[in-house]
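# Remarks on the overall topology
Chain residues, written in single-letter form:
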Amino acid sequence: MSYHRFVVLGDSCAEGLDDPYPGQDHYRGWADFVAADLAEREPGFRYANLAVRGRRLDQIVPEQVPAATRLEPDLIALFGGGNDVMSRGWDARTVARRVDAAIRACTEISPTVVTFTLSDVSSRMPLGQRMRPRIVALNEAIREAAVSYGALLIDLWPDQAVTDSRYFGADRLHLSEHGHRRLAAYVLGRLGLEHDPGWLAPLPGAAAAGSWRADLHWLLREVLPVAVTRTRNRLIGRQPGDGFGPKRPELLPMTRDEAWARGNA
């Protein structure tokens, strides 16, 4: 099956953090890798990415789904839920309803929808185990909704790459270039399309061993600034993602420069 209009919805993981284009200040990520591959297969292919960093599922649906509907996609990828997991006032039933609404809405406007569970990021973070039950509950809701509405599921929970720090950025949450290429391979494979086998090949050597110094550096450089920002935002009534726009709000062809960066980073 060929695809002509690919639209991505979600949060920072769909936007492409932590994988900047070489020598540039904007992000690439798995969705751009997938789009560039699909563009090589279909001359009339166009791609939009409506993702906004920080957004929860209950924000993605009212903000991004109407825009996606206007674009009349024949392929949607939805990657969200991570910000729901990290939000105050977590309630598994509420988030399950958000998941159901998001996946149902996507399947109502596109014949093919791809969605994702989250990997166990808690395993890489000190004191992160408290997040694990939330991720498990979110993933179960995603699996159930995918079955209910016929979405294609990419289940990242069993992926062993989660134990290799090289697949993730400095914050230990967002994917690195290696991680985004790996995820792009999963998407293409789930669509029944061939992909570069190197994207799933094990990385050579071994990841650096963890240490208390590395953990302390991570806490001071990555966690503390985010905690301060979140606290300040709550005090002033600012919502996660406010001030940021969609990465690629309109359906556009993949340019030669984008395709070059994809294959030569």
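Preceding this section is the structure that the text describes.
Everything numeric here is computed off the predicted structure, so don't read it as measured data.

Thresholds, definitions, all that
- Throughout, a residue's number is its position along its own chain's written sequence, starting from 1.
- Given that the model is predicted, a residue must reach a pLDDT of at least 70 before its local features are reported, and side-chain atom pairs must reach 80 or more before they are shown or counted; all residues, however, enter totals for whole chains, interfaces and linings.
- The side-chain quantities take in all heavy atoms of the structure and omit both hydrogens and water.
- The numbering of helices and of strands both runs from the N terminus, where a helix is a DSSP run of H or I of at least 4 residues and a strand a run of E of at least 2.
- Under this definition, polar contacts are N or O atom pairs within 3.5 Å; protein pairs additionally need one hydrogen-donor-capable and one acceptor-capable atom, and for neighbouring residues in sequence, both atoms have to be side-chain atoms.
- We call two residues in contact whenever any of their non-hydrogen atoms come within 4.5 Å of each other.
- Given the number of residues in a helix, its expected span is that number minus one, multiplied by 1.5 Å.
- When accessible area is computed with a 1.4 Å probe and restricted to protein chains, residues below 20% of their type maximum are described as buried, those above 50% as exposed, and intermediate ones as partly exposed.
- Within this scheme, the nonpolar core is defined by two criteria: the residues are buried Ala, Val, Leu, Ile, Met, Phe, Trp, Tyr or Cys, and they are joined through side-chain atoms within 4.5 Å.
- At least two DSSP bridges between two strands are needed for those strands to be called paired.
- Only the stretch in contact is used when a helix axis is fitted, and all axes are lines through C-alpha atoms; the angle between N-to-C directions ranges over 0 to 180 degrees.

Relative to the assigned elements, His180 resides in helix α7 (residues 177–190). There is a polar contact of 3.4 Å between the side chain of His180 and the backbone oxygen of Leu175. Not counting the four nearest positions on each side in its chain, His180 is found in contact with Cys13, Gly16, Leu17, Asp18, Asp19, Gly29, Trp30, Phe33 and Leu175.

Before going further, it helps to spend a moment on α7. Counted at 1.5 Å a residue, the expected span for α7 with its 14 residues is 20 Å, and the 20 Å between its end C-alpha atoms agrees. Phi turns positive one or two residues past the end of α7, at Gly192, with a value near 80 degrees.

Turning our attention to the environment of His178. Tracing the backbone shows His178 in helix α7. Of the residues examined, His178 reaches a relative accessible area of 38% and is grouped as partly exposed. For His178 and Asp159, which are 19 residues apart along the polypeptide, the C-alpha to C-alpha distance reads 14 Å. With residues near it in sequence (within four places) discarded, His178 still touches Arg166, Tyr167 and Leu203.

Residues Phe6, Val7, Leu9, Trp30, Leu38, Val99 and Phe116 are the most contacted members of the largest nonpolar core, which totals 67 residues. Among the elements that make up this core, the one with the highest residue count is helix α2 (residues 29–41) (7 residues). Other than its neighbours up to four places away in sequence, Val7 contacts Ala48, Leu50, Ala68, Leu71, Pro73, Leu75, Ile76, Ala77 and Leu251.

A sheet is described by the order of its strands in space; here 6 strands give the open sequence β5-β4-β3-β1-β2-β6, paired in mixed fashion. Two strands close off the open sheet at either side, each with one partner strand: β5 (152–154) and β6 (248–252). Neighbouring strand axes in the sheet, compared pairwise and without regard to direction, differ in orientation by 15 degrees on average. Inspection of the sheet shows strand β3 (residues 75–79) paired to strand β4 (residues 113–116) by 3 bridges, in the parallel sense. Bridged to Ala77 within β4 is Val114. Across the sheet, α2 is in contact with β1 (5–10), β2 (46–49), β3 and β4; its angle to β1 comes to roughly 175 degrees. Relative to the sheet, α7 contacts β3, β4 and β5, its axis offset from that of β5 by approximately 150 degrees.

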